[in-house]
Amino acid sequence: MPTTSFDIVIIGSGPAGATTARVAAERGLKVLLVDKRQELGAPIQCSGAVSRHALEAAGVDPNQEFIQEAIYGFGIYNQAGEKTTIDYRQIKPDEYGQGEGQLPLGYVVDRRRFDRYLMTQAERAGVEVQLKTEGLGYQSTTNGGCAVQLRHFNKTFEVKAKVLVGADGLQSQVGKWAGLQTHIKLKELASCLQYVVDGVQTNGLLEIITGQHWAPGGYAWVFPKGHGYAEIGLGVARNMTRHDAQWHLEQFILHSFFKDRFKNYRILEIQGGGVPLAAPLKTQYADNLILVGDAARHVNPITGGGIHTALHGGLIAGNFLADLLQSGQKPNKQNLKGYQDQWLEASGNAMWKLYREKTAIFRNKDIAQRDDLLYKTMSDYFSPYSEYKKI
Amino acid sequence: MPKKEPVVFQIGWNACIHCGACIAVCPHKPGFITAFDTIAVNTPCDIACMACEAICPVSTITHQQVSGQKQDIWS
């Protein structure tokens, strides 16, 4: 690699890392973006739902390259199958739909294509990108910058940077290198499994099924996946059940009020992961380092949604770093705290509020009351009048 | 609380979906991982909190005590 000195080095090219990289490069910074994978987005650990607003706000064109299906609203179910429908095609027919002048509310994206698209946009903005490159460690140096050790096709090398950005997901090692408190409690990490299936009808809505019986501590979902496919999945809190996500998913498919709807299902893909239903990290910065996306736990603690929050955090991080470095300020932890402050102001404080709401629901020991509360909270959350509309 | 006995984790690779949930919930210092997005195998874990086994969506992590005895965390 010819260049060994950058303004920022970003480890992890998911939505948060690639957006930070693109925005910083557009603002004139010299950026290296690395990812240990050979193909981004895989193995998929995400259902892929994102609002149109989230894409637009981050300057991402809703491109057919990654869109699998347009979404127009939500169907929220309680344990017995009673339903709250929030279909924007009916609520605001002038704005939402498939007709001329109408738009979707959001999309289900293919994370493999989406992540590659975002990386490509970063590359076109001037970012140097290296796949098959893992981070090994970093140290602050006496000149106020840092040295980052990387390995690419078994070759270890070092680059210099002013700021290292940890965008390496929920399993973040970068945060641990900095000694940040990144540990997530078992009860706050939903254990999730989903099948991409053929043979299950959907109609442009994200369907969410609540209730202790189907998904203790989490919820189940049925999302449209394009080409007539669907995603059926769920997440459970393992402190609330003796069974794993796979067992619960089988129960949901074979025995829930959707069993007739699911009877011809055929599994096309199997995906899973841990989804934090937790608070954001209290400290997302250190000397020469910030965290973004899942690594900073920028995830909605009620829905587990993380694409919107990753794009949004990336936008803030990229702009903040450009402002900081171009004004000649030192990238020490006192100054990098400004990134977290900006993020809290823009969306973090609302995320903390959501976390407290979620915690209050699950603190209730009465299962029936808890189920009612979760159903109501989910239904309110997705309503057009929700105070959290754009979180 | 008495100190837990160190354990060694095994992963049934046939069922592993490489989702990384086990790493996400692991309280170890950086590096207690494999190259396949899982917690370390064949390496003693002296924390023995078993959160990795519990979070696994497909229950494909098991452990033995370093003394050699196999255990089920749910029993």
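On a predicted model such as this, the values are computed, not experimentally measured, just so you know.

### Brief notes about the nonpolar core
Residues and elements named next belong to chain A. Formed by 141 residues in total, the largest nonpolar core has its most connected members in Ile-8, Val-31 and Leu-234. In terms of residue count, the dominant contributor to this core is helix α7 (residues 307-326) (nine residues). Both domains that furnish three or more residues to this core are identified here as domain 1 (5-42 + 111-181 + 280-362) and domain 2 (67-109 + 185-277).

### Description of the interface of chain A and chain B
Counting residues at the interface gives 25 residues for chain A, matched by 20 residues for chain B. For the side of chain A that touches chain B, the secondary-structure elements that each account for two or more residues are α5 (174-177), β12 (189-198), α6 (245-255) and β16 (266-276) of chain A. Take the side of chain A that touches chain B: its biggest share by element is five residues, from β16 of chain A. Broken down by class, the residue content of the side of chain A that touches chain B amounts to ten nonpolar, eleven polar and four charged.

### Observations concerning the domain arrangement of chain A
Residues and elements named next belong to chain A. Assigned domains of chain A: these are domain 1 (5-42 + 111-181 + 280-362) and domain 2 (67-109 + 185-277). A C-alpha centroid distance of 29 Å is found between domain 1 and domain 2. Contact residues are listed per partner, giving nine residues for domain 1 and eight residues for domain 2. Those elements that place two or more of their residues in the side of domain 1 that touches domain 2 are α4 (111-124) and α8 (333-363).

### A closer look at the sheet that holds strand β4 (residues 67-71) of chain A
All names here are of chain A. Pairing is antiparallel in the open sheet, where three strands are placed in the order β3-β7-β4. The open sheet is flanked by β3 (49-51) and β4, the only strands paired with a single partner. For this sheet, the mean inter-axis angle between neighbouring strands, taken without regard to orientation, is 30°.

### Thoughts on the confidence of the model for chain B
All names here are of chain B. Taken as a whole, chain B shows an average pLDDT of 90; of its residues, 89% reach a score of 70 or greater. For chain B, per-element mean pLDDT is lowest for strand β4 (residues 70-71), which scores 68, and highest for helix α2 (residues 51-55), which scores 97. In the model output, the complex is listed with pTM 0.95 alongside ipTM 0.91.

What counts as what
- Residues numbered from 1 in each chain as written.
- Chains lettered and ligands numbered in written order.
- Predicted model: local features only at pLDDT ≥ 70, side-chain atom pairs only at ≥ 80, totals over all residues.
- Core = buried A, V, L, I, M, F, W, Y, C linked by C-beta atoms within 7 Å.
- Buried ≥ 20, exposed ≤ 12 C-beta atoms within 10 Å, placed from the backbone.
- Helix = DSSP H or I, 4+ residues; strand = E, 2+ residues; numbered from the N terminus.
- Domains from an automatic or database assignment.
- Contact = placed C-beta atoms within 7 Å.
- Nonpolar A, V, L, I, M, F, W, Y, C, P; charged D, E, K, R; others polar.
- Pairing = 2+ DSSP bridges.
- Axes fitted to C-alpha atoms, helices over the stretch in contact; angles between N-to-C directions.
- pLDDT = per-residue confidence, 0-100.

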